[in-house]
Every structure is written in C-alpha cells, then in structure tokens.
Amino acid sequence: MMKRRLIGAIAVGCAAVFATFTAAGPVLAQEDASKGIEEYRKMMAEDPFANPGLLFVDSGEALWTEKRGPKNVSLEGCDLGKGPGVLDGAFAELPRYFKDADKVMDVESRILWCMEKLQGIDTKPIIKGAFSKRGEGGSEMEFLASFVGSKSNGMPMKSQLSHPKEKEAYAIGEALFYMRAGPHDFSCQTCHGTKGTRIRLQELPDLAEPTEDARKTVATWPAYRVSQERVRTMQHRMADCYRQMRMPKVGYGSDAVTALITFLAKQADGGEIQVPALKR
Amino acid sequence: MKKIIIASALVALGVSSSLALAEGVSDKVLQKVISSSWKNPNKDNPEGAKPDWASRLNQGDLQKICSKTRNQPDKKTAAKLEKAAKASIKYPEDGKFLGDWKNGEKIAQNGKGLRYNDKVDGPAGGNCYACHQIDKAELAYGTIGPSLAEYGKLHEFTEAANKATYEKIYNSHVAISCSNMPRFGTMGILSIEQIKDVTALLMSKDSPVNK
C-alpha cells in the first residue's frame with residue numbers, strides 16, 4: 001500500500017529529473033539538477049515518504065530479517081558494535097574496532113562480515129555487484145546499508161577513537177587524505193581542503209577539518225543520488241572520488257577506504273545522521 | 001628521456017625513498033594498506049586503457065614531498081622543486097608559444113581522459129574550467145584556482161608572458177611549488193601542441209578570453 005504510493009511518486013520525480021539531465025550545457029544540467037532536488041524536497045515536505053531512498057530502506061529491512069545462506073539464518077543476530085541484534089544507534093558509532101575480526105570496520109564491511117560468518121554466504125558476488133548498475137534498482141549492499149544507517153537517524157555521529165587500531169585507522173585515513181598521486185597529482189585535499197570552493201558548479205565540502213561542511217555531508221550517506229536515480233553508499237563515494245583522481249579501482253570494503261571513512265567520521269563528529277539523504 | 005629527467009630530479013632533490021607521509025603512521029604500514037586495498041591494479045582496470053595502473057600507486061618525489069609537508073615545503077625544498085619543475089619543461093621546436101585558441105577552448109572544456117572508465121585512448125582533456133573561470137561566457141566554472149578571465153590583456157600580451165604561461169601549464173610548480181594544479185606537460189596529460197593551444201586561449205588577442 002505504502003510502497004505503491006512511493007513508486008508513483010518516484011515515477012513522477014524520476015521522469016522530471018531524467019528529462020533535465022539530457023539538457024544541453026553543464027550549467028543547465030546543474031541548475032536543473034538543483035531544481036530536481038528542490039522538487040523532491042518539496043514533495044518530501046508534503047509527504048515524508050516521498051523520499052525514493054526509503055524504498056531502499058524497506059528492501060534492506062526485508063533482506064535483514066530474511067533467513068538466507070547455507071546456515072539459513074537472518075542478519076538479526078549481527079553484532080554491529082553494540083551487541084548482537086542491536087541496530088538502534090549502531091551506525092552512529094561506525095567505523096569501529098571489532099574484536100572478532102580484529103580490525104576496524106565501516107558499516108558495509110561489517111555487514112559483509114555478518115553475511116559471511118553468520119549466514120555462511122559467499123560474499124564475492126555480493127562485493128562484485130555492490131555498486132548497482134543503471135536499471136538494476138539497487139544492490140544488496142545499498143539496501144542493507146540504507147536500512148542499518150536509517151536506524152541511527154536523528155542521532156549524532158560518535159567517532160570511535162579509543163582503541164589503538166581505531167587510532168591507527170584514523171592516522172592512515174589522514175595520510176591517505178593528503179596523499180598526492182596519479183597523473184594529476186590529486187589528493188583529497190586538492191578538492192576538499194578549502195571552504196567554499198567548487199569544481200565546475202559542484203560545491204566541494206571542506207573535509208580537512210572538523211567543519212560544519214563535514215558534519216552536514218558525511219552524516220548523510222548512504223544517500224539517494226538524484227543524478228544516478230538510486231542510493232549510493234559511502235564506499236561508492238570514496239571509489240568515485242578515487243576514479244576522478246585517476247587512481248586505479250580501489251577495493252570495495254578495503255582497509256584504505258575504511259581508514260578514509262574513519263578519518264571523515266572524526267571530521268563529522270556530532271553531525272546529525274539523516275539517511276538516506278537526498279543528494280545531487 | 002623522461003627517465004633521465006626523473007633520475008636527475010631525484011639527485012637534485014636528495015630525496016630518500018622512505019618518506020613517511022604523516023606523523024601518525026609509518027610509511028611501511030601505509031604501503032601495506034595501499035597494496036592490500038588496490039590488490040591488482042593492472043588486472044582490475046579495463047584492458048585497452050594503456051597506462052600502467054600499478055605505477056600510479058607509487059608516489060613520485062614531488063608528490064611525496066608535497067603530501068608530507070601538506071603543500072608547505074620549506075624554502076630550500078621549495079626552491080629545489082621549482083628548479084626541478086623548470087628542468088622538466090620541453091619547449092616548442094618552432095619557438096612559438098601560441099597555438100590555436102579554438103582548439104584550446106575544447107581542451108579547456110574537456111574533463112575526460114586517464115580515468116579507468118575512459119575507455120578510449122584519445123587525447124585527454126585539460127579540464128581547466130573545472131578549476132578556473134576563463135571565457136566569461138562559460139558560467140560553469142570552478143573556483144579551486146584563480147579566475148583567468150582577460151588573462152592576456154592583464155599581462156599586456158607580452159612574449160615573456162606567453163612563455164611564462166606555457167611554462168606554468170607545462171609544470172605548475174615552476175612558480176609555486178606544491179601547486180594544486182596538475183603538471184600537464186611533465187606528467188604527459190597534454191602534448192606540447194595542446195599546451196600551445198590552451199596558452200593561446202589565455203594569451204591570444206583574438207581569444208574570447210581577452211574580449
């Protein structure tokens with residue numbers, strides 16, 4: 001019932017947005033993208049369920065509670081850091097150190113871990129398909145990360161830096177943030193090191209310091225990306241920035257990405273979680 | 001040729017290869033994370049794209065220094081970097097710095113090339129508009145770099161300014177070490193001809209940039 005209403009709203013929204021993206025110049029496209037987001041926002045103000053990202057949350061919840069894999073169990077026993085089965089507020093404290101894995105994990109790598117250990121699922125194909133392609137309507141990781149993230153909505157990000165491995169992950173993330181490499185000599189700092197700059201017309205958040213920018217932008221992933229018509233996760237955001245940096249493909253759930261997310265979580269400490277947010 | 005330049009830059013800079021990037025983490029730990037996170041760069045990236053992807057994970061000396069000092073090298077190091085930048089520049093054989101500004105505009109607009117989803121091996125773009133205002137008619141410009149509107153006019157169209165602009169685009173570190181601008185010539189992003197074309201976009205009297 002509710003789902004049907006959602007799909008109706010998305011159909012209208014997507015048609016409008018899609019039309020705008022075929023417009024001629026980048027300025028037009030950008031203005032139209034902003035308008036597209038504005039339209040979504042208006043729709044959401046009238047009806048909070050009009051956020052198309054909520055479909056991903058619903059699908060994630062269904063996946064979370066479904067008995068699956070060789071062990072035929074659901075993910076409900078997954079320990080996301082606050083004890084097996086505790087979902088509320090768990091995302092707010094990720095990435096964090098997990099004793100069972102003896103490493104720091106972000107939400108996505110932790111969900112993968114639970115799939116593997118709890119459900120006995122071979123995660124290779126899941127990792128391969130983690131970033132959904134156009135027309136697929138979303139991937140398991142996009143669904144699950146949206147669901148788990150939404151269970152911390154309204155709560156502040158609580159960066160975890162007490163365990164030595166958490167401190168180390170932060171330091172690695174910081175080093176990677178400033179690491180200039182590739183043919184263009186880019187580091188994250190090149191584009192995210194100053195307040196108020198933009199690439200073409202895309203505003204760039206300053207992520208080098210604990211800023212309002214960081215709190216606003218980091219605490220809002222996974223996000224429904226209007227330009228891509230689906231939810232994207234923080235792992236995808238990192239991979240896409242590395243692509244723009246002309247670096248080779250970085251591994252999904254790799255330690256480098258976890259470290260970067262640990263660094264970003266510190267910069268965004270205290271930011272209010274709103275997942276999945278609506279983004280360009 | 002390139003190898004010679006790099007080798008001589010190495011010597012000139014007196015760099016040891018084990019620069020740690022940040023205070024909190026050793027180079028060894030960082031290298032381990034990098035190689036486990038980019039497991040097989042050459043295999044994981046599309047065939048046909050010619051670059052050696054794995055080599056992009058190895059920082060060059062300038063990249064190491066600028067990362068470690070967060071783009072604030074001390075005076076002595078800065079002077080060395082600027083000298084090495086200058087030494088890397090190749091000049092047009094015909095001695096002319098200005099090419100075709102119309103082609104330059106296309107290069108300045110083009111943001112494609114050298115990413116793993118850029119399947120074609122065509123010439124990469126300069127993507128100058130990503131960071132700079134240039135022709136005022138183009139409203140979709142970025143602000144990481146300064147505005148270059150009326151650049152030639154402001155520099156009175158002198159031959160010295162043509163040369164300095166060519167050099168800046170070829171290797172941005174000639175004037176400002178640890179610049180945030182890519183080294184279009186030294187890193188082989190743009191050819192000498194292409195750099196002449198974008199130089200003309202900025203410096204030529206006919207270019208809309210100077211109207």
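Structural data are supplied above this passage.
Residues numbered from 1 in each chain as written. Chains lettered and ligands numbered in written order. Predicted model: local features only at pLDDT ≥ 70, side-chain atom pairs only at ≥ 80, totals over all residues. Heavy atoms only, no water.

Caption draft 1: Region of the structure containing the interface of chain B and chain A. Taken together, the contact pairs 50 residues of chain B with 40 residues of chain A. Where chain B abuts chain A, roughly 4000 Å² becomes buried across the two surfaces, and 58% of that area is made up of carbon and sulfur atoms. The tally of links from chain B across to chain A stands at three salt bridges. In this structure, the salt-bridge partner of A:Arg200 is B:Glu138, at a minimum N-O distance of 3.7 Å. Linking chain B to chain A there are 23 residue pairs in polar contact (both at pLDDT 80 or more). Among the secondary structure elements, those contributing two or more residues to the side of chain B that touches chain A are helix 2 (27–37), helix 3 (41–44), helix 4 (61–68) and helix 6 (101–109) of chain B. The element that contributes the greatest number of residues to the side of chain B that touches chain A is helix 2 of chain B, accounting for six residues. (Contact = heavy atoms within 4.5 Å. Buried area = accessible area lost by both parts, 1.4 Å probe. Salt bridge = Lys/Arg side-chain N within 4 Å of Asp/Glu carboxyl O. Polar contact = N/O pair within 3.5 Å; in protein donor to acceptor, adjacent residues only side chain to side chain. Helix = DSSP H or I, 4+ residues; strand = E, 2+ residues; numbered from the N terminus.)

Caption draft 2: Geometry of a positive patch on the surface. Taken together, A:Lys128, A:Lys133, A:Lys249 and B:Lys119 make up a surface patch of like positive charges. Along the chain, B:Lys119 falls in the loop between helix 6 and helix 7 (151–154). (Patch = residues over 30% accessible without salt bridge, like charges linked within 9 Å, V, L, I, M, F, W, Y side chains within 5 Å. Areas by Shrake-Rupley, 256 points an atom, 1.4 Å probe, with all protein chains shown as cover. Lys, Arg positive; Asp, Glu negative; His and termini not counted. Charge placed at Lys NZ, Arg CZ, Asp CG, Glu CD.)

Caption draft 3: Inspection of the sheet that holds strand 6 (residues 230–232) of chain A at higher detail. Residue and element names in this part refer to chain A. With respect to topology, three strands assemble into an open sheet ordered 6-5-7, the strand pairing being mixed. Each of the sheet's edge strands pairs with one partner strand only, and the pair in question is strand 6 and strand 7 (277–279). Each strand axis lies, on average, 40° off the axis of its neighbour in the sheet, ignoring direction. Looking at chain direction, strand 5 (residues 223–225) and strand 7 are connected through three bridges and run parallel. Among the inter-strand pairings, Tyr 224 is bridged to a residue of strand 7, identified as Leu 278. (Pairing = 2+ DSSP bridges. Axes fitted to C-alpha atoms, helices over the stretch in contact; angles between N-to-C directions.)

Caption draft 4: Representation of the state of the cysteines. Taken as a whole and judged by the stated rule, the model has two disulfides over all chains. Covalent S-S linkage joins A:Cys78 and A:Cys114, the inter-sulfur distance amounting to 2.1 Å. Handedness here is read from the sign of the S-S torsion; for A:Cys78 and A:Cys114, about 70°, the answer is right-handed. With a gap of 36 residues between them, A:Cys78 in the loop between helix 3 (53–65) and strand 1 (96–98) and A:Cys114 in helix 4 (residues 107–117) connect regions that are remote in the sequence. For the pair A:Cys78 and A:Cys114, a shared accessibility class is recorded, and that class is buried. At a sulfur-sulfur separation of 2.1 Å, the disulfide partner of B:Cys66 is B:Cys178. Residues B:Cys66 and B:Cys178 share a disulfide whose torsion about the S-S bond is about -85°; that sign makes it left-handed. Of this pair, B:Cys66 sits in helix 4 while B:Cys178 sits in the loop between helix 8 (159–170) and helix 9 (192–203), and the two are 112 residues apart along the sequence. Each member of the pair B:Cys66 and B:Cys178 is classed as buried. Free of any disulfide, A:Cys191 has its nearest cysteine sulfur in B:Cys131, 6.5 Å distant. (Disulfide = S-S within 2.5 Å. Buried < 20%, exposed > 50% of the residue type's maximum accessible area, 1.4 Å probe, protein only.)

Caption draft 5: The arrangement of the nonpolar core in detail. A:Trp64, A:Met115, A:Met141, A:Val148, A:Leu176, A:Phe177 and A:Tyr242 are the most contacted members of the largest nonpolar core, which has 77 residues in total. Element by element, the count of residues in this core is highest for helix 11 (residues 255–267) of chain A, at eight residues. When residues no more than four places from it in sequence are discounted, the contact partners of A:Phe177 are A:Ser187, A:Cys188, A:Gln189, A:His192, A:Leu207, A:Ala208, A:Leu260 and A:Phe263. In this structure, B:Ala85, B:Val174, B:Ile189 and B:Ile195 belong to the second largest nonpolar core, which totals 26 residues. (Core = buried A, V, L, I, M, F, W, Y, C linked by side-chain atoms within 4.5 Å.)

Caption draft 6: Representation of the pattern of salt bridges in the model. For the structure shown, the criterion picks out 22 salt bridges over all chains. In this structure, A:Arg68 and A:Glu140 form a salt bridge, with 3.0 Å as the shortest nitrogen-oxygen distance. Placement of A:Arg68 in the loop between helix 3 and strand 1 and of A:Glu140 in helix 6 (residues 140–150) is noted, with a sequence separation of 72 residues between them. Here B:Glu193 ties to B:Lys196 by a salt bridge, and the two come within 4.0 Å at their closest N and O atoms. Residue B:Glu193 and its partner B:Lys196 are located together in helix 9, separated by three residues, close to a single helical turn. A relative accessible area of 4% means that B:Lys196 is categorised as buried. One salt-bridge network, held together by shared partners, links A:Lys82, A:Glu93, A:Arg96 and A:Lys158.

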